[in-house]
Each structure stands twice: as structure tokens, then as C-alpha cells.
Amino acid sequence: MTDFFQGIPQIRFEGPDSQNEFAFRHYNPDEVVMGKTMKDHLRFSVAWWHSFAWPGGDPFGGQTFERPWFGDDMAHAKLKADEAFEMFRILQAPYFAWHDLDLRPEAETFAESRARLTEITDYIGEKMAQTGVKCLWGTANMFTHRRVMAGAATNPDPEVFLYAAATVKACMDDTMKLGGENYVLWGGREGYETLLNTDLGKERQQAGRFLSMVVDYKHKIGYKGTILIEPKPQEPSKHQYDYDVGTIYGFLKDFGLEGEVKLNIEQGHAILAGHSFEHELALAASLGLLGSIDMNRNDYQSGWDTDQFPNNVPETALAYYEVLKSGGFTTGGTNFDSKVRRQSLDAEDLILGHVGAMDVCAAGLKAAARMLEDGKLEAARTERYAGWDKAGDLLNSDLSTLADRVVAEGIDPHPRSGRQERLENLVNRYL
Ligand code: XLS
Ligand code: NI
Ligand code: NI
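A brief structural summary.

**Examining the overall build of the chain**
- Secondary structure summary: the chain contains 15 helices and 14 strands in total.
- Relative to the compact-globule value of 22 Å for 431 residues, the chain shows a C-alpha radius of gyration of 23 Å, a close match.
- Counting only C-alpha atoms, the chain reaches 80 × 60 × 45 Å along its principal axes.
- Each of the 431 residues in the chain was classed as buried or not, and the buried ones make up 50%.
- If you sum the accessible surface of the chain, you get close to 20,400 Å²; carbon and sulfur atoms cover 52% of it.
- Computed over 45 positive and 65 negative side-chain charges, the inter-centroid distance for the chain is 3 Å.

**Description of the coordination of the nickel ion (ligand 3)**
- At the metal site, the nickel ion (ligand 3) is ligated by Glu266 (OE), His269 (NE2) and Asp305 (OD), and these contacts range over 2.1 to 2.5 Å.
- In primary sequence terms, the donor set of the nickel ion (ligand 3) follows E-x2-H-x35-D.
- Between the nickel ion (ligand 3) and the nickel ion (ligand 2), a separation of 3.8 Å is found, and both are coordinated by Glu266. Placement of Glu266 in strand β12 (residues 261–266) and of Asp305 in the loop between β13 (290–294) and α11 (313–325) is noted, with a sequence separation of 39 residues between them. One exposure class covers both Glu266 and Asp305, and it is buried.

**So, the pairing of strand β10 (residues 226–229)**
- Residues Thr226 and Leu228 line one face of β10 and the alternating positions Ile227 and Ile229 line the opposite face, and both faces are buried.
- Looking at chain direction, strand β8 (residues 182–185) and β10 are connected through four bridges and run parallel. Bridged to Tyr183 within β10 is Ile227.
- Pairing analysis gives three bridges linking β10 to β12, with the strands arranged parallel. Within β12, the position partnered with Ile229 by the bridge is Leu263.

**Quick word on the environment of Gln206**
- With respect to the element layout, Gln206 can be found in helix α7 (residues 200–221).
- As a C-alpha pair, Gln206 and Pro310 span 104 residues in sequence and 35 Å in three-dimensional space.
- The contacts of Gln206, once residues within four sequence positions are left out, are Ala153, Thr154, Asn155 and Phe161.
- There is a polar contact of 2.8 Å between the side chain of Gln206 and the backbone oxygen of Ala153.

**Looking at the sheet that holds strand β6 (residues 95–99)**
- Taken together, the eight strands give a closed barrel; going around it, the order is β5-β6-β7-β8-β10-β12-β13-β14, and neighbouring strands pair in parallel fashion. Ignoring strand direction, the axes of neighbouring strands in this sheet form an average angle of 30°.
- The sheet contact formed by strand β5 (residues 44–47) and β6 spans three bridges and is parallel. From the neighbouring strand, Ser45 faces β6, where its bridge partner is Tyr95.

**Overview of the coordination of the nickel ion (ligand 2)**
- The protein atoms that coordinate the nickel ion (ligand 2) are Glu230 (OE), Glu266 (OE), Asp294 (OD) and Asp337 (OD), at distances spanning 1.9 to 2.1 Å.
- All donors of the nickel ion (ligand 2) belong to a single chain; written as a sequence motif, their spacing is E-x35-E-x27-D-x42-D.

**Re the packing of aromatic side chains**
- Evaluated as defined, the whole model comprises 24 aromatic pairs.
- The interplanar angle of 85° and the centroid separation of 5.0 Å between the aromatic rings of Phe4 and Trp69 together place this pair among those described as edge-to-face. One end of the pair, Phe4, is in the segment before β1 (12–13); the other, Trp69, is in the loop between α2 (48–53) and α3 (74–91), and 65 residues separate them in sequence.
- For Phe4, a relative accessible area of 15% corresponds to the buried category.
- You can call Trp69 buried: its relative accessible area is 2%.
- Aromatic pair Phe161 and Phe210: ring centres 5.4 Å apart, planes at 90°, arrangement edge-to-face. Taken together, the residues span a long stretch of sequence, with Phe161 in helix α6 (residues 158–177) and Phe210 in helix α7 at a distance of 49 residues.

**Points about the side chain of Ser237**
- In this fold, Ser237 is placed in the loop between β10 and β11 (239–240).
- A polar side-chain atom of Ser237 sits 2.8 Å from the main-chain carbonyl oxygen of Gly188.
- With sequence-adjacent residues up to four places away left out, Ser237 is seen in contact with Gly188, Arg189, Glu190, Gly191, Tyr192 and Glu193.

Rules used in this analysis
Residues numbered from 1 in each chain as written. Chains lettered and ligands numbered in written order. Predicted model: local features only at pLDDT ≥ 70, side-chain atom pairs only at ≥ 80, totals over all residues. Heavy atoms only, no water. Helix = DSSP H or I, 4+ residues; strand = E, 2+ residues; numbered from the N terminus. Rg over C-alpha atoms; globule rule 2.2 N^0.38 Å. Buried < 20%, exposed > 50% of the residue type's maximum accessible area, 1.4 Å probe, protein only. Areas by Shrake-Rupley, 256 points an atom, 1.4 Å probe, with all protein chains shown as cover. Lys, Arg positive; Asp, Glu negative; His and termini not counted. Charge placed at Lys NZ, Arg CZ, Asp CG, Glu CD. Donors = N, O, S within 2.8 Å, 3.2 Å for Na, K, Ca; no water. Pairing = 2+ DSSP bridges. Contact = heavy atoms within 4.5 Å. Polar contact = N/O pair within 3.5 Å; in protein donor to acceptor, adjacent residues only side chain to side chain. Axes fitted to C-alpha atoms, helices over the stretch in contact; angles between N-to-C directions. Phe/Tyr/Trp six-rings, centres within 6.5 Å; stacked < 30°, edge-to-face > 60°.

Pasting the structure below:
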């Protein structure tokens, strides 16, 4: 262990009036909200890649962070793991998430890279046993290396498909070994740059077969976690096949996988797709696909996936409203797929970025619970659709019967207010 986090106290709940920067104001892990502790509702997870592997680069400049664990050998990989668990302790973070590439550097051959992954996940497994910190999900990085520049499962070269299969198998095996509660697939390169060189239909078939093999393998090894797909419309690919919740639903139906796979929905990706986060969550919940969330916002002006820590209680409240309404997380959780800004150089920044985010989520969760428990919002919604309770078997009728009724009964609909402003005022009363 180095002295990187030295002097930073463990973060504890001190309540909204605390003047201590290094304290939670809203996140009280043991406080019970709607019958469950906040810890069990929120299931916070730290992202290995942003917090420990990302060097602070942007498209115009390279590394800004100096971390004692940066380095391309296994000794540094282990040091990074030591520091990661120190941060989990400071934050009281119950979970973490990882890509293979975050945990250890690749080697010359697949077999050596695989052996290194085994070595580091064994090491991490020991630390998990010592601390009780758990793995929310694992995933394979199939977007950084040049071999996947034209896609992994959707590559025109079948050898890349093979390599991707071997990579995902290894990452699923080690996710299972670590007791990871979900396995995530995010296809940043599963898409295209130009249709001029792309057989879109063929690539989509490859993606469907790949996912079917992932699901088959899950059953073969008896993995009990959830397979999750993470939608994103673009970036790095110009167009990604897993565009948004609705697109993935169609894809899953097409390949008969709708009962097998759920979604990991990211706030910033929803915005990039032209939706609100709550839209994507509500749609996923209504389709039975809501699995887990990546809670990181984008800068609303830049139009990039800037992966900032959440900082807006009204937004998180509406998100957790959808989560709570759908019954809460089962294997899913709140993963901070978030990074501090590249000028935020210090250990304190890394800690306090998470502390603020945990508090914003906790405040949002509590507001959402108040909204649900009070019931006024749902009562208004129910009332708006009340006509359908008396409408009989309308949806199982047919057009000509319905047309006849309009004439016979003199049907003449009278518009009613949607009451948007009143509902917005109502929501603001809970925040
Ligand atoms: C990138 C994605 C990525 C996934 C995991 O935009 O959010 O971080 O969550 O591969
Ligand atoms: Ni993500
Ligand atoms: Ni993202």
C-alpha cells in the first residue's frame, strides 16, 4: 500500500447540517427507507476503470493524473487492487465493477493474458473475502485494443469473433468466480462508422448469435447472475447497434432472448439517445428488462459521454422513482460509471466525487420514496386512466365494432387537462 489516500478519514453519516466535507449528509447506509436499508436499496458500486485505470486523458491531451499504481506489470496491478480496496473502505462502498483490462495489463498472447487475469482475480477474491466488499458486475473490454477497432462480435473478420468469444468466456468465468451479481456487455465498437463498408444485417446476426452463445454458456456453467446489455446510441462508434432500450428489446425478441437478458441503463447514454433517464428506466421496467443502472451524467452542452458524477437531486429522484416503482433492484445496483474531471488531481477529489454522488443518490432515493409513499402522483396517474376501468373489453374488440359503437352511442370525447404544471409542482414538494 502507498500513502495515496493517507489522512483521509472513513466517511460516515453525519446528517444534513454537518460542516465536515468528509461526511455523508444523506447517505445513511443503515437507515430504513420503504422497508429496506439505503445500503440495500442503492447498492453502490465503484467503477475500476474510471477511478483506478483512467489516466485523465481527453481527445486533445494525455495523462494528467499521477497515481503510484500506474504501470504495466502485475506488481502495479496488485498495488492498484490494494488501493482500490482502501478506497472502498473509506467510502463504505459495498460493490465494485470491472473490465479485464482495468484489472491487469494484457500480455503478448491470449493465454498469457488469461493467466494474468486469473492471477489478479484470485488476488482480488482474497481481498473480497477479507473485507466483505462484493462484485456488482464484470465485463470484457472489447473497445480499446486495435484488434477490435471494427467491432468484436460484429467484426468482418471471423478471427476477431473468435477472440471476442474467448475474452467474454474468460470474463464470465472470473465474474462467476468472484460472485459477481451480473455480467455486462456494452458494445462500444459493435456498430459502424460508415454504411459504405458495412453489412449491417450480417453484423446484427453475428451480434445475435454471440449473445445467444453468452446465454448458453451462462446456463452451462450454472452462473446465477444476470446478463445485462448496456444501451448507447453512439461513441465510440458513429452508430451502435444497442442504441437504446426500445432497440434492444426488438433485438432480444428477434433472437428469442427477452427472458434471458436485462439492461444496464446509463443516465448519460439515455441523454445521448435523445431520451431522459427516467424514460429509459420506465420503458425497461414496463418491458421487464430493468436490471441495473450506471449513474453518471453528461455535460448537457458538450454532447459527449463525459461520465460525470451525478449532481442533481431532482434527476436522481425521478430515476429512483422508476426503480422503486418497479420493485427495486434485485441483482442490479447503482454503479458510478463516473470519473473526476482531468484537473481534479488529488486523492481527495476522487473520494469526494463519490461522496457527493452517494449523497445525491441517497437524497433522490428518499425523495422518490416520499413520493411513492404519499401516493398523490400515482393517484393522479390512476385517475387519468380511470375511464379504462369502465371500458370493458375494448382492446380485444375490432375496428368495425368500435366504429359502430361511436355512431350508435353518439361517442363525443371531451378533452381533460393533463395537469402537467400541477404535477411538476407536486413533485417539487418532495425534493
Ligand atoms: C461507456 C460505457 C462503459 C460500460 C462498461 O460509455 O458506459 O463504461 O459501462 O463497458
Ligand atoms: Ni456505463
Ligand atoms: Ni458510458
